[in-house]
Protein chains: 2
Amino acid sequence: MSDFVRIVEVGPRDGLQNEKQQVATADKITLIDRLSATGLRSIEATSFVSPKWVPQLADAAEVMAGITRRPGIAYPVLVPNEQGYARAAAAGADEVAVFTAASEQFNRTNTNAGIDESLQRFAPVLERAKADGVKVRGYVSTVLGCPYQGEVPLADVVRVARALHESGCYEISLGDTIGVGTPLKARAMLRAVAAEVPMAALAVHFHDTWGQALANIAACLEEGVRVVDSAVGGTGGCPYARGASGNVASEDVVYMLHGMGMDTGIDLPALAETGRWLAAVLGRDNGSKVGKAMAG
Amino acid sequence: MSDFVRIVEVGPRDGLQNEKQQVATADKITLIDRLSATGLRSIEATSFVSPKWVPQLADAAEVMAGITRRPGIAYPVLVPNEQGYARAAAAGADEVAVFTAASEQFNRTNTNAGIDESLQRFAPVLERAKADGVKVRGYVSTVLGCPYQGEVPLADVVRVARALHESGCYEISLGDTIGVGTPLKARAMLRAVAAEVPMAALAVHFHDTWGQALANIAACLEEGVRVVDSAVGGTGGCPYARGASGNVASEDVVYMLHGMGMDTGIDLPALAETGRWLAAVLGRDNGSKVGKAMAG
């Protein structure tokens, strides 16, 4: 197996959309430009979901216009449907991400549509993206548990991941949205999906709500995954658990990977410095233990 | 392999001795009594190291006199030498713990003695403990790195662990004192020691300074260890990295173990409630993500 792991930095999107505090557009642009200088290859920049649902990222077009895109770095943006895709395309997005859940009830609550209806909504997005030469990433949320239905059957996760892959997503990110997973369950979930979708087309996306993210990532690396989503400074939160942690911190993931002899291409001190800068901008405690330890 | 994991709760000793804030004796007693009601089997209660070095635990004898000891629970206390042992024995300790480092320079800085000199100091402690029917646990610190010498050769860890075991310690706790270890290194270290000391006589002790503790524990569980040190509420800190995290939180370890289908005998909600109470007493942020998530 390769020892290169690609980190998909989701802080500017998944992190900031779940922070209470509104971040100035200029700070978002600075954040992404700083991240671009760390060696990251994928930086999820913003979301073209309606500002009605995600007011924190209402400035998506301005952010896309303001950042300095570097060659070799992908800047995917979240799109919920064809309208969102049109806005993203107009903003010059070279990669988009679509999303659905493995839990029917979560998907209905979150997007006002059942899973199959979501998949149908994405069909024209994938068609247009293909014609435009835009890559599409697919998110599956609630892969290890749902705040409404509790346990999520593995078969449901596999079905949704396979559907997204078959519909043309080049990569499927498997998300433990509420961070309840533990290593053996995470590994079993990944193995089940990898039986139907090639491991090279899979990514893992853990939230650290219950402190398990890094242990889960280590287990999934053993299973063979080589793409990991994370957010600098561990930004974000959990709408289902007040005061809880958000995304796993990119710094902590990179520290672990480098300690395991894996390559990420990332300059860890520069990444950690960016995380500390972001914590200061947000006026919150740095969610990365590595970021704190490196400053100590 | 057994699916029972014994948690050695070190919060009242390793946690509190590294908190800046002085905790009232009555609160320490309440903490231990609450912990005794959670199903824990081992609670490290305090330290008989000279109050000159550890002023936070100067009330060791009062704590030992004040707690309600339950049958089936061990309440080990730290002792540095024969004098400390005499004080611990006078306080009625039924188990003591001795400590040395795998790094010569760390040991000299920390205890004013070389490793071999430390081991010699413990000989009379072990002799007296044997005569008194008191069990002795041995700590090896800096097993995955040292703040002074950096890398610590595995052979040094193995040598010290074996010496403590041969001298009569029933259990050797392998401590990543500065929390720099990552899963593959943790696993390789444990494997090397287990080649010389039976796995059943080994425990792992991780600090979460760099956020790696839970991932390291998961790797060591795979390797076969079944005793894990941790501190409720993730108390403690790191004298070598300001603002850094302390011991891995017991709640987070227990949540992971239960999620992996392992048994600890511990009532997790009661443990998490104790961690939240302790955070309030200390006036600090709860260091357990599980503790926060369960309150959410």
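Up top is the structure these notes are about.
Keep in mind that what you see is a predicted model, and the values were worked out from it rather than measured.

Reading the values: the criteria
Residues numbered from 1 in each chain as written. Chains lettered and ligands numbered in written order. Predicted model: local features only at pLDDT ≥ 70, side-chain atom pairs only at ≥ 80, totals over all residues. Heavy atoms only, no water. Helix = DSSP H or I, 4+ residues; strand = E, 2+ residues; numbered from the N terminus. Rg over C-alpha atoms; globule rule 2.2 N^0.38 Å. Buried < 20%, exposed > 50% of the residue type's maximum accessible area, 1.4 Å probe, protein only. Contact = heavy atoms within 4.5 Å. Areas by Shrake-Rupley, 256 points an atom, 1.4 Å probe, with all protein chains shown as cover. Lys, Arg positive; Asp, Glu negative; His and termini not counted. Charge placed at Lys NZ, Arg CZ, Asp CG, Glu CD. Pairing = 2+ DSSP bridges. Right-handed = clockwise from strand over helix to strand, strands pointing away. Axes fitted to C-alpha atoms, helices over the stretch in contact; angles between N-to-C directions. Buried area = accessible area lost by both parts, 1.4 Å probe. Salt bridge = Lys/Arg side-chain N within 4 Å of Asp/Glu carboxyl O. 1 Å grid on protein atoms, 1.4 Å probe; cavity = no way out; pocket = protein on both sides within 12 Å on 5 of 7 lines; lining within 4 Å. Points joined across faces, edges and corners; volume = space filled by probe spheres on them. Least-squares fit on C-alpha atoms with pLDDT ≥ 70 in both. Core = buried A, V, L, I, M, F, W, Y, C linked by side-chain atoms within 4.5 Å. Phe/Tyr/Trp six-rings, centres within 6.5 Å; stacked < 30°, edge-to-face > 60°. Lys NZ or Arg CZ within 6 Å of the ring centre and 35° of its normal. Nonpolar A, V, L, I, M, F, W, Y, C, P; charged D, E, K, R; others polar. Expected span 1.5 Å × (residues − 1). Arc of directions from axis to C-beta.

J.: Hey, could you run me through the overall build of chain A in this one?
T.: The helix and strand inventory of chain A stands at 12 helices and nine strands. Relative to a compact globule of 296 residues, whose C-alpha radius of gyration would be 19 Å, chain A shows 17 Å and is just as compact. Judged by the C-alpha coordinates and their principal axes, chain A covers about 50 × 40 × 40 Å. Taken over 296 residues, chain A has a buried fraction of 61%. Considering only intrachain contacts with a sequence separation of at least 6, the fraction spanning at least 24 residues in chain A is 74%. Just so you have it, chain A exposes about 10600 Å², and 51% of that area is on carbon and sulfur atoms. When the 27 basic and 33 acidic side-chain charges of chain A are each reduced to a single mean position, those positions are 2 Å apart.

J.: Teacher, can you tell me more about the environment of Arg-137 of chain A here?
T.: All names here are of chain A. Note on placement: Arg-137 falls in strand S6 (residues 135-141). For the pair Arg-137 and Gly-261, spaced 124 residues apart in sequence, the C-alpha to C-alpha distance is 28 Å. Ignoring anything within four residues of it in the chain, the contact list for Arg-137 reads Val-8, Glu-95, Val-96, Ala-97, Val-98, Cys-169, Tyr-170, Glu-171, Ser-173, Ala-203, Val-227 and Asp-229.

J.: Is there a simple way to think about the pairing of strand S6 (residues 135-141) of chain B in this case?
T.: Strand residues, when the strand is regular, have side chains that alternate between the two faces of the sheet. Residue and element names in this part refer to chain B. Extensive coverage of S6 is indicated by the burial of six of its seven residues. As judged from the seven bridges shared by strand S5 (residues 95-101) and S6, these two strands associate in the parallel manner. Its bridge partner being in S6, Ala-101 is matched across the sheet by Ser-141. Where S6 meets strand S7 (residues 171-176), four bridges bridge the pair, whose relative direction is parallel. Bridge assignment links Arg-137 to a residue of S7, and that residue is Glu-171. For the handedness criterion, the β-α-β arrangement of S6, helix H7 (residues 154-166) and S7 is classed as right-handed.

J.: I tried to follow the sheet that holds S5 of chain B on my own but got confused; where do I start?
T.: Hydrogen bonding along the main chain pairs the strands of a sheet, whether they run parallel or antiparallel. Residue and element names in this part refer to chain B. A sheet is described by the order of its strands in space; here nine strands give the open sequence S2-S1-S9-S8-S7-S6-S5-S4-S3, paired in parallel fashion. Both outer strands of the open sheet, strand S2 (42-43) and strand S3 (46-47), are each paired with one neighbouring strand and no more. Pairing analysis gives two bridges linking S3 to strand S4 (residues 77-78), with the strands arranged parallel. Its bridge partner lying in S4, Thr-46 is registered against Val-77. Here helix H6 (residues 115-132) sits on the sheet in contact with S5 and S6, set at roughly 170 degrees to S5.

J.: What am I meant to see in the interface of chain B and chain A here?
T.: Every contact between the two is made by 31 residues of chain B and, on the other side, 30 residues of chain A. Buried area between chain B and chain A, summed over both chains or domains, comes out near 2800 Å², and the portion from carbon and sulfur atoms is 62%. The largest contributions to the chain B side of the interface with chain A come from Trp-210, Tyr-255 and Lys-289 of chain B, which together make up 24% of the buried area. Between the two partners, chain B and chain A, sit four salt bridges. Close ionic contact of Asp-208 of chain B with Lys-289 of chain A constitutes a salt bridge, the shortest N to O distance being 2.6 Å. Every element with two or more residues in the side of chain B that touches chain A is listed here: helix H8 (183-194), helix H9 (213-223), helix H10 (250-259) and helix H12 (289-295) of chain B.

J.: Looking at this model, I keep getting lost on the sheet that holds strand S2 (residues 42-43) of chain A. Mind explaining?
T.: Residue and element names in this part refer to chain A. Reading across from one edge, S2-S1-S9-S8-S7-S6-S5-S4-S3 is the order of the nine strands in this open sheet, with parallel pairing throughout. At either end of the open sheet lies a strand with only one pairing partner, and these are S2 and strand S3 (46-47). Contacting strand S1 (6-9) and strand S9 (227-230), helix H10 (residues 250-259) runs over the sheet at an angle of about 175 degrees to S1.

J.: Please explain the pattern of salt bridges as it appears in this structure.
T.: If the charged atoms of two oppositely charged side chains come close together, the side chains can form a pair. Under the counting rule described, the total for this entry stands at 38 salt bridges over all chains. Arg-13 of chain A is the partner of Glu-44 of chain A in a salt bridge, and the nearest nitrogen-oxygen pair spans 2.7 Å. Here Glu-44 of chain A is found in the loop between S2 and S3, whereas its partner Arg-13 of chain A is found in helix H1 (residues 11-15), with 31 residues between them in sequence. Like Glu-44 of chain A, the residue Arg-13 of chain A is buried in the burial classification. Members of the salt-bridge network, linked through shared partners, are Arg-187, Arg-191, Glu-222 and Glu-223 of chain A together with Arg-187, Arg-191, Glu-222 and Glu-223 of chain B.

J.: What is the right way to look at the layout of surface pockets in this model?
T.: Any empty space left between the atoms is revealed when a probe the size of a water molecule rolls over them. Roughly 1100 Å³ of volume is contained in the second largest pocket. Taken together, 39 residues make up the lining of the second largest pocket; nearest its centre are Gln-17, Val-49, Phe-99, Asn-110 and Thr-111 of chain B.

J.: What's the story with the relation of the copies chain B and chain A in this structure? I'm lost.
T.: For the pair of chain copies, the relating transformation is a rotation about an axis with a translation along it. Taken as rigid bodies, chain B and chain A are interconverted by a rotation of 180 degrees and an axial shift of 0.0 Å, the fit giving an RMSD of 0.0 Å. In short, the pair behaves as if placed about a two-fold rotation axis. Nearest to the rotation axis, the C-alpha of Ala-215 of chain B is located 1.9 Å from it, this being the minimum over chain B. The residues that chain B uses at the interface reappear at the interface of chain A in 97% of cases, marking a shared surface.

J.: When you look at the nonpolar core in this model, what are you seeing that I'm missing?
T.: Counting residues in hydrophobic clusters, the biggest one holds 195 residues, and the most contacted among them are Leu-174 of chain A together with Leu-174 of chain B. When neighbours within four sequence positions are excluded, Leu-174 of chain A is seen to be in contact with Val-140, Val-143, Val-157, Ala-161, Met-189, Leu-190, Val-193, Leu-202, Ala-203, Val-204 and His-205 of chain A.

J.: Would you explain the packing of aromatic side chains in this entry?
T.: Note on aromatic pairs: each is described by the distance of the centres and the angle between the planes. Under the criterion given, the structure shown has four aromatic pairs over all chains. Between Tyr-255 of chain A and Trp-210 of chain B the ring centres are 4.7 Å apart and the planes differ by 25 degrees, which places this aromatic pair in the stacked class. Residue Tyr-255 of chain A is found in helix H10, and its partner Trp-210 of chain B is found in the loop between strand S8 (202-206) and H9; the two belong to separate chains. Residue Tyr-255 of chain A is classed as buried on the basis of its relative accessible area, which comes to 14%. Residue classification places Trp-210 of chain B among the buried positions, given a relative accessible area of 15%. Measuring from centroid to centroid gives 6.1 Å for Phe-106 of chain B and Tyr-148 of chain B, while their planes differ by 40 degrees, and the two rings are tilted. Here Tyr-148 of chain B lies in the loop between S6 and H7 and Phe-106 of chain B lies in helix H5 (residues 104-111), a separation of 42 residues in the sequence. Positioned above the aromatic ring of Tyr-170 of chain B is the side chain of Lys-135 of chain B, whose terminal nitrogen or guanidinium carbon lies 4.2 Å from the ring centre.

J.: Mind showing me how you'd approach empty space enclosed by the protein here?
T.: In total, this model carries two cavities of 30 Å³ or more according to the counting rule given. In this structure, the largest cavity encloses a volume near 130 Å³. Lining the largest cavity are 15 residues; nearest its centre among them are Ala-218, Ala-219 and Glu-222 of chain A together with Ala-219 and Glu-222 of chain B. The residue makeup of the lining of the largest cavity, split by class, is 12 nonpolar, no polar and three charged. Size it by volume and the second largest cavity reaches roughly 40 Å³. In terms of lining, the second largest cavity is formed by Pro-12, Leu-16, Lys-28, Leu-31, Ile-32, Ala-45, Thr-46, Leu-57 and Val-63 of chain A. It is helix H2 (residues 25-36) of chain A that provides the largest number of residues to the lining of the second largest cavity, a total of three residues. Tallied by class, the residues present in the lining of the second largest cavity amount to seven nonpolar, one polar and one charged.

J.: Teacher, can you tell me more about helix H8 (residues 183-194) of chain A here?
T.: For an α-helix, 3.6 residues make a turn, and residues three or four places apart therefore share a direction. The terminal C-alpha atoms of H8 of chain A lie 16 Å apart, and with 12 residues this matches the ideal 16 Å at 1.5 Å per residue to within 8%. Those residues of H8 of chain A that fall on the buried side of the exposure criterion are Pro-183, Ala-186, Arg-187, Met-189, Leu-190 and Val-193 of chain A. Along the axis of H8 of chain A, the buried residues cluster in a sector spanning 160 degrees; they form a single face. Tucked into the core, H8 of chain A has its buried residues touching helix H7 (154-166), strand S7 (171-176), strand S8 (202-206) and helix H9 (213-223) of chain A together with H9 and H10 of chain B.

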